Each structure stands twice: as structure tokens, then as C-alpha cells.
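Chain residues, written in single-letter form:
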Amino acid sequence: MSEGQIDEALRSELQRQGVWVTSMQELYNWGRKNSIWPLQFGLACCAIEMIATAASRYDIARFGGEIFRPSPRQADLMIVAGTVTKKMAPQIVRLYNQMPDPKYVISMGACAISGGPFKQGYNVLKGIDRYIPVDVYIPGCPPRPEALLHAFMELQRKIDSQKLTGAGKAEHLDAKQPSEFPVPAFGEHDLQPPANPDVYHPPVLERQS
Amino acid sequence: MESLEQIKNRAELAARGAKIDIVVNPGPAQQSSLLIDNEHAAAVAQFLRNHPALTFDYCSNATGVDWLDRVIKKTTKVKTVVDGVEKEVDQTIEEKIPGYLEAVYHLYSMKHKHGPLIIRMRTANRTDGARLPSLTPIWRSAELQEREIFDLYGIHFEGHPDLRRILMWDEFVDHPMRKDYREPDDYEWEPTPHDDVLEKAKQHYTPRPQLDGAENVTAQPQ
Amino acid sequence: MTPNPYLFIVIFVAVALAFPLLPLGLAWLWRRFFQPPKPGVQKNAIYECGVESIGEAQIQFRSQYYLYAIIFLIFDVEAIFLVPFAVAFTGLPVGAFIAILVFLLLLIEGLVWAWGKGCLNWAR
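Since the model is a prediction, treat every value here as computed from it, not as a measurement.

Student: Where do I start with the overall build of chain A in this structure?
Tutor: In terms of regular secondary structure, chain A is built from six helices and five strands. Taking the principal axes of the C-alpha coordinates as reference, chain A spans close to 70 × 45 × 45 Å. Nonlocal contacts in chain A, meaning residues at least 24 apart in sequence, comprise 74% of its contacts between residues at least 6 apart.

Below is the structure:
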């Protein structure tokens, strides 16, 4: 049994006797994962699906995420919903930097992941993960509200598994992990730099030869 | 609406010295257009807007076209004397047409409910002579679209009240809709390569003849 | 035995103090032992809409505004006098009615004077 963990058998035995036992980490993560406040901003058509997810039929409030905050100071989650143009990318990175820790990013839809159908265009960023770390990717063009709910649940699972102490503790608890990322500047031909090498790890093409 | 010839003749009469050509569109749309010389463009536009029978009071669309340098081959039969005998020989003449940029305006009349009338203007060349008179003083709706043409094609509109980039940022120097524009090379591997993406991929990865097929490799000179 | 009536006020004050101080203290302890603060230039920026702010927030306002303040004050005082007058209007003698009319006339005259002098035009 690792440090800080409760013996499951002992816990269920105690629960049967009417004693409920928890740990600081579980309590902390339980509270965080059930009150994720997203940042209220949409970039393109994916935002319509995000609105539908927040409305009554799909009802993201069931998962504690209905409070869309119009200010980054009060938000925990950034849903990058739509095409990120190169002109918009610095603003998004700046918004992400202004969010307090802990903060998470869902990259929603093909455009936010990779540029999508506009990948070969001159004006669209080829994925927001070039500048900020992304926790959950949702494929789709646009993804259905169920997909966003699934991503939300995945994020809850990730938050639930984050550690409070120890070597692999959560990034926002680690003083060495950065909280701000450099904002790209408008260059003469492209954004400068075109990608942040600390964050962006492009897929490596495995070629058997 | 009157025919293009009638409009052309009237406009040439109204704007003294104006030289208007009819650019025939042989395609299925058959939307021919008027090519207006830059010097008298404002006068002709004024006439088209104000003449009571025409009243083109609404400019719905303004866009740019990029024409690269091209070569047209014309084959003609020429009589020449070969070995003392007169023969008809095919002679090919290569005509070089220097490139230019074009601005195209689609005009409608709200009053008479007719249109579109398409007018064009051509720049002298694609580099330092890429200048056209602005039609924004005549049709206010052309303001943002002329800014867009300036941004994406690099045509300077003289007389435009607020000529700045509109879609790209101010620090940008290229004109992305020009046909010789090359975007910055930030290739990344993707599973559905198009032809031009494949060409980029070859510059970033060493070719593998036994896996990719020999013809893909020999197509690129190494 | 009846409790001291001031006891409730003491309890009220204690709860009112504990209600904000307890979460703040917990947050301070959390920051001290678990979550290190990570301030930054952009994180602490004043403007929070993703756009860089231009210029200073402390700008000077024009002093012409004081004219409006004075005229507003005059009519504010007038309203204070007019409301009790209107309430007790029917029971007042004729002398009081004339007095309030004179008062109103003075203020209207002041407004006409200010208007005529161009004080109501917004000075640029």
C-alpha cells in the first residue's frame, strides 16, 4: 500500500459500521472535479455545440460545469471551441496565462487540435497545443455535445487521479512547473515562434525501413 | 438592363476620354464584364451610379484576381519560299503577357432591380505598379472589401479613406492570395497527404524506395 | 435567568468575523503548505480579456465637470424643499405658497442664467 492510501477493505468495513473515512487528497479532488468552471468563450461553430452542451437537453450542470465564467480569473477550464486563427492565438495564450492554477484545457474539434480542414491555410494555427498544454482532445467537426460531456468526464477522471504530494504530484502544486507560457508575437510571415518547443511535441512518424 | 455595348458607349460619351473594353466570358455563366481604364475609373463609376436609366447604387462585391506572367502560343500559316518552292509553313509565335492584378466589382441597382454589372480594373504590373483608384468614395460598401483586396492581393487603392490590413496582422508583409505566395514551411506529418503536402513531406523525410514505391522517389531529383 | 441582550450582538459579530476569516485562513494554510503561488506579469495584468492594455489606467478628467456638479446640487436641494412642501400643500397659508414660489423662481432664474452663459454646453 502506497503512502496516503486507505486500505479499501478497512474502509468498507468502517463504512458498514457507520464511519465514513476519506483522505485529504480524495476530498480535495472530489471538490475540484465537481465544480469545474469553464471559461466562457467560443471561437467558431464548435462553440454552438458547447452552448448546446450547457443548455437543458445535455445539461453540463449534471457534472458541475455549468458556471461559464466571463473572466479568466474565475475559470478552471478553457474549452478551446473552434478554429484558432493565427491572429487570435496570442489572445488565447494570454487568456490561458491569466487563469489561476489549477487550470485545464480541452481542445474541442478538429480545428483546435490540428487546424482541421484549414490546416494548409495561411491564417489558421495548426493546433492550440503548439502554445499551451492540452489535457483532453475531442475529435469531430464539430464534436457532438455527448463528446464534450465525455471529454468533461475524462477531465474529471484526470483530476481525480492527481496526487497532492510526492514525486508525481499535480502540476499546479509543483513550484517548478510553469504557470505562464510565452505569448507568440506577430511576425512578418508567421507567428514567432511558430510553436513553443517546451509544450509542443509533434507526433513522431515511425518509419520502418 | 441595357446591353454591355450600350452601357459602354454611353459611359464613353459621358466620361470624356474613357477607354472601356468588354471582357468576354466564354464560360457557361457568360457574365461578360467591362474593363475600365484606371485614369477615368472614378468618372465612369460616377456615371454608372448616377445615370437615371442605370442607377447602379449598390456595390455588392469587390474582389481581386491575380494573373501571373503567361505565354500564349499562336500558330499561323505563313507562306515562305523553301528551296525555290513556295510552301505554307506553320509558324508559332509566342506572345508574352506580363502579369497584372485585377479588381472586380459587382454592381446592382436597388432602384431598377437589375444587375449585376461587372466592372474590372487592371494594375500596370504585379510589383511597384500595383495601384488602382479607389471606388470607395462612390460606393461606400467597397471600403472593407478594398481593404481585404489590399491585404490579400497587395493592390494599393488611391483615395481610400482607411487603407490598412483587415484580416492579417499589421506586421505581416506577404499577400497570401497571390498565386506565387508560399506559406512558411512548418510541415508536420499527417495521415492524409495531398499532392503538395506530399511534396513537402519529401523535403522533410528521406525517401524509402522499397516501401513508398520507386516512382515516388524517382519523381524527385535528389 | 434572562441572557444579557448584548450577548446576541457579540455572537453575531463573532460569526460575522469568522465567516470570511475562516476560508481566508484555510486558503492561506493551503497556499503555505500545498500550492505554491505562481505570480506572473500576464497573470497579474490589470486587463483580463486577452488583449494587452495600452496606456495608463490613471488618466485625468476634465475640470469642466464641476459646473454640472454645482447645478445638480442646486436642484437636489430644491427637491429636498419641494417634497415636504408638496406633502403639506393643502394645509399651508397663502404666504408659504408665495414663499416657495419665490424660492423656485430664484432657482429657475439661476438655471436660465447658466443656460444663457453656455454652461450647459459640453466644453471640449
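Next comes the rest of the account.
Student: Is there a simple way to explain the sheet that holds strand S2 (residues 104-108) of chain A in this structure?
Tutor: Two orientations exist for strands paired in a sheet by backbone hydrogen bonds: parallel and antiparallel. Residue and element names in this part refer to chain A. A sheet is described by the order of its strands in space; here three strands give the open sequence S1-S2-S3, paired in parallel fashion. Taken across any chain shown, the strands that pair with only one partner, and hence form the sheet edges, are strand S1 (77-81) and strand S3 (136-138). Within the sheet, the average angular offset between the axes of one strand and its neighbour, ignoring direction, is 15 degrees. In this structure, S2 lies alongside S3, joined through three bridges in parallel fashion. Within S3, the position partnered with Ile106 by the bridge is Val136. Most of the contacts of helix H3 (residues 46-54) go to S1, to which it runs at about 130 degrees, and overall it touches S1 and S2.

Student: Hey, could you run me through empty space enclosed by the protein in this one?
Tutor: Taken as a whole and judged by the stated rule, the model has two cavities of 30 Å³ or more. Of the voids in this model, the second largest cavity is the one considered here, and its volume is about 40 Å³. Along its surface, the second largest cavity is lined by Lys86, Leu125, Lys126, Arg130, Tyr131, Asp190, Leu191 and Pro194 of chain A together with Asp186 of chain B. Residues belonging to the lining of the second largest cavity are distributed by class as follows: four nonpolar, no polar and five charged.

Student: How do you make sense of the packing of helix H1 (residues 4-14) of chain B against helix H2 (residues 41-50) of chain B when you look at a structure like this?
Tutor: Two packed helices can be described by the angle between their axes and the distance between those axes. All names here are of chain B. Look at H1 against H2: their axes get within 9 Å of each other, and the N-to-C directions meet at 120 degrees. Of the possible angle classes, the one that applies to H1 and H2 is oblique. The hand of the H1/H2 crossing is right-handed. Counted together, Ile7, Arg10, Ala11 and Ala14 of H1 and Val44, Phe47 and Leu48 of H2 form the full contact between these two elements. Of the residues in the contact of H1 with H2, the class split is six nonpolar, no polar and one charged.

Student: In this structure, what is going on with the pairing of strand S4 (residues 70-82) of chain B? I would like to understand it.
Tutor: Working note: regular strand, side chains alternate between the two faces of the sheet. All names here are of chain B. By the bridge criterion, 13 bridges tie S4 to strand S5 (residues 85-97) in an arrangement that is antiparallel. Each residue of the ladder has a partner; that of Arg70, found in S5, is Ile97. Between the end of S4 and the start of S5, which pair antiparallel, lie two residues, with Asp83 showing a positive phi angle near 55 degrees.

Student: Would you mind showing me how to read the interface of chain C and chain A here?
Tutor: When the parts come together, some accessible area is lost, and that loss is often what is quoted as the size of the interface. The interface is formed by 18 residues belonging to chain C together with 28 residues belonging to chain A. Buried surface at the junction of chain C and chain A, both sides included, amounts to about 1800 Å², of which 50% is carbon and sulfur. Of all residues in chain C, the largest losses of buried area upon contact with chain A belong to Lys38, Gln42 and Lys43 of chain C, amounting jointly to 37% of the total for that side. Counting across the interface, chain C meets chain A through three salt bridges. Scanning the region where chain C abuts chain A turns up 17 residue pairs in polar contact (both at pLDDT 80 or more). Here the residues of the side of chain C that touches chain A sort into nine nonpolar, five polar and four charged.

Student: Mind showing me how you'd approach helix H3 (residues 142-153) of chain B here?
Tutor: Because an α-helix packs 3.6 residues into every turn, residues spaced three or four apart end up facing the same way. Residue and element names in this part refer to chain B. The first and last C-alpha atoms of H3 sit 15 Å apart over twelve residues, in line with the 16 Å expected at 1.5 Å per residue. Among the twelve residues that make up H3, nine are buried, leaving the element largely enclosed by the rest of the structure. All of the buried residues along H3 are Ala142, Glu143, Glu146, Arg147, Ile149, Phe150, Asp151, Leu152 and Tyr153. Elements that come into contact with the buried residues of H3 comprise strand S3 (58-67), strand S6 (100-109) and strand S9 (156-158). Positive phi shows up at Gly154, right after H3, with a value of about 80 degrees.

Analysis parameters
Residues numbered from 1 in each chain as written. Chains lettered and ligands numbered in written order. Predicted model: local features only at pLDDT ≥ 70, side-chain atom pairs only at ≥ 80, totals over all residues. Heavy atoms only, no water. Helix = DSSP H or I, 4+ residues; strand = E, 2+ residues; numbered from the N terminus. Contact = heavy atoms within 4.5 Å. Pairing = 2+ DSSP bridges. Axes fitted to C-alpha atoms, helices over the stretch in contact; angles between N-to-C directions. 1 Å grid on protein atoms, 1.4 Å probe; cavity = no way out; pocket = protein on both sides within 12 Å on 5 of 7 lines; lining within 4 Å. Points joined across faces, edges and corners; volume = space filled by probe spheres on them. Nonpolar A, V, L, I, M, F, W, Y, C, P; charged D, E, K, R; others polar. Parallel < 35°, antiparallel > 145°, perpendicular 65-115°, else oblique. Left-handed = near helix turned anticlockwise from the far one by under 90°. Buried area = accessible area lost by both parts, 1.4 Å probe. Salt bridge = Lys/Arg side-chain N within 4 Å of Asp/Glu carboxyl O. Polar contact = N/O pair within 3.5 Å; in protein donor to acceptor, adjacent residues only side chain to side chain. Expected span 1.5 Å × (residues − 1). Buried < 20%, exposed > 50% of the residue type's maximum accessible area, 1.4 Å probe, protein only.

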